[in-house]
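As a plain string of letters, each chain reads:
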Amino acid sequence: MKPIRTERLILRNWEERDRDLFHRINSDERVMEFFPFRRDRATADAKMDEFRAWIAEDGYGFAAAEIAETRECIGFVGLFDTDHLPFLPAGTVEIGWRLAPEFWGHGYVTEAAEAWLAHGFETLGLEEIVSFAVRNNRRSTAVMERLGMTADPASDFDHPGIPDSHPALKRHVFYRLSRKDWQTRRRAVR
Ligand SMILES: CC(C)(COP(=O)(O)OP(=O)(O)OC[C@H]1O[C@@H](n2cnc3c(N)ncnc32)[C@H](O)[C@@H]1OP(=O)(O)O)[C@@H](O)C(=O)NCCC(=O)NCCS
């Protein structure tokens, strides 16, 4: 992918120097509070390789975000094909995020996500971008709301990938943003 520059960030594909950070955001208890698994170094490395290959092929994905001034990688924000959720129509694209905790609370995710929404609607020509999170993951749903996404309770679902051993993580809330609503909001913000 061609790197995307925002006010404070560079959104780009994964690099070898990101492996420690990528492992940390897949194993840290705070970051992974709403996930049923923790990745060890080998499985984190394999997942990073997978993300990197998909991004190289498609030009988007769960891409690395780094602070432009310091070149520190802080986590990922990006667009992702939701073909792992068979009940969603083919071609559905989600927006998602995961940062190391010391970078929470600075608006970095919202800033990066705004750039990815623009990329999705303007460059990729998407009609809609969705997002979902465990019901209690307020930090994540707060990002969706900051982005102008709308809750769609009729589409809330029990995630098929969550094992029965983690019942509290099953229920997911669903948010949507149409291209039209994004354009209207963008005009209003300007
Ligand atoms: C979900 C997650 C990405 C949200 O990160 P975040 O830093 O809270 O999100 P934002 O970048 O939008 O930052 C918003 C916060 O920064 C503050 N902020 C500071 N400067 C800001 C700015 N310039 N613009 C916007 N917000 C700013 C906001 O007030 C808000 O703070 P608050 O949480 O105290 O209300 C993060 O908590 C995370 O990685 N969680 C673990 C992984 C996870 O659950 N991922 C989602 C799975 S669905």
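Quick note: structure is the one above.
Heads up: these notes are all about the structure in this document.

About the cut-offs
- Residues numbered from 1 in each chain as written.
- Predicted model: local features only at pLDDT ≥ 70, side-chain atom pairs only at ≥ 80, totals over all residues.
- Heavy atoms only, no water.
- Helix = DSSP H or I, 4+ residues; strand = E, 2+ residues; numbered from the N terminus.
- Rg over C-alpha atoms; globule rule 2.2 N^0.38 Å.
- Buried < 20%, exposed > 50% of the residue type's maximum accessible area, 1.4 Å probe, protein only.
- Contact = heavy atoms within 4.5 Å.
- Areas by Shrake-Rupley, 256 points an atom, 1.4 Å probe, with all protein chains shown as cover.
- Pairing = 2+ DSSP bridges.
- Near = heavy atom within 4 Å.
- Nonpolar A, V, L, I, M, F, W, Y, C, P; charged D, E, K, R; others polar.
- Phe/Tyr/Trp six-rings, centres within 6.5 Å; stacked < 30°, edge-to-face > 60°.
- Core = buried A, V, L, I, M, F, W, Y, C linked by side-chain atoms within 4.5 Å.
- Polar contact = N/O pair within 3.5 Å; in protein donor to acceptor, adjacent residues only side chain to side chain.

**Quick look at the overall build of the protein chain**
Point 1. Counting its regular elements, the protein chain contains five helices and nine strands.
Point 2. Sequence-ordered secondary structure for the protein chain, helices as α and strands as β, is β-β-α-α-β-β-β-α-β-α-β-β-β-α.
Point 3. Its C-alpha atoms give the protein chain a radius of gyration of 16 Å, near enough to 16 Å, the size a compact globule of 190 residues would have.
Point 4. Looking at the protein chain as a whole, 48% of its 190 residues are labelled buried.
Point 5. Here the contacts in the protein chain between residues at least 6 apart in sequence split such that 65% fall between residues at least 24 apart.
Point 6. Just so you have it, the protein chain exposes about 9700 Å², and 51% of that area is on carbon and sulfur atoms.

**Things to note about unusual backbone geometry**
Point 1. In this structure, Arg-71 takes a positive phi of about 65° despite not being glycine.
Point 2. Mapped onto the elements, Arg-71 comes out in the loop between strand 3 (62-67) and strand 4 (73-81).
Point 3. Residue Arg-71 is classed as partly exposed on the basis of its relative accessible area, which comes to 43%.

**Structural notes on the pairing of strand 2 (residues 9-12)**
Point 1. The side-chain alternation of strand 2 yields two buried faces, one formed by Leu-9 and Leu-11 and the other by Ile-10 and Arg-12.
Point 2. Strand direction decides the pairing type here: strand 1 (residues 4-5) and strand 2, joined by two bridges, are antiparallel. When the bridges of strand 2 are listed, Arg-5 appears paired with Ile-10.
Point 3. Where strand 1 folds back on strand 2, the antiparallel hairpin that results is connected by three residues.

**Section: the site of the ligand**
Point 1. Looking at the ligand, there are 20 residues lining it, with Leu-99, Gly-105, Val-109, Thr-110 and Asn-137 nearest.
Point 2. Surface burial for the ligand is 68%, taken as the share of its 950 Å² of free accessible area covered by protein chains.
Point 3. Those elements giving two or more residues to the shell around the ligand turn out to be strand 5 (93-99), helix 3 (108-123), strand 6 (128-134) and helix 4 (138-146).
Point 4. Among the elements that take part in the shell around the ligand, helix 4 stands out by supplying four residues, more than any other.
Point 5. Residues of the shell around the ligand, tallied by class, amount to 10 nonpolar, six polar and four charged.

**A word on the side chain of Ser-140**
Point 1. Within the secondary structure layout, Ser-140 lies in helix 4.
Point 2. Residues within four places of Ser-140 in sequence aside, it is in contact with Trp-97 and Ala-133.

**Section: the packing of aromatic side chains**
Point 1. On inspection of all chains with the given rule, the structure shows 15 aromatic pairs.
Point 2. Note on Phe-51 and Trp-54: the rings are 6.3 Å apart at their centroids and 35° apart in plane angle, and the pair reads as tilted. Of the two residues, Phe-51 and Trp-54 are both situated in helix 2 (residues 41-58); the distance of three residues between them amounts to about one turn of the helix.
Point 3. Ring plane angle 25° and centroid distance 4.9 Å describe the contact between Phe-62 and Phe-76, whose orientation is recorded as stacked.

**Describing the nonpolar core**
Point 1. Ranked by internal contacts, the top residues of the largest apolar core, which has 51 residues, are Trp-14, Ile-95, Trp-97 and Trp-116.
Point 2. The dominant element in this core, judged by the number of residues it contributes, is helix 3, at nine residues.
Point 3. Every residue in contact with Trp-116, bar those within four places of it in the chain, is listed here: Met-1, Ile-4, Leu-11, Gly-59, Tyr-60, Gly-61, Ala-63, Val-77, Gly-78, Leu-79 and Ile-95.
Point 4. By size, the runner-up hydrophobic cluster in this structure holds six residues, among which are Leu-85, Leu-88, Phe-132 and Phe-174.

**Section: the environment of Asp-158**
Point 1. With respect to the helices, strands and loops of the structure, Asp-158 is situated in strand 8 (residues 157-158).
Point 2. Within the structure, the side chain of Asp-158 is placed 3.2 Å from the side chain of Arg-171, a separation counted as a polar contact.

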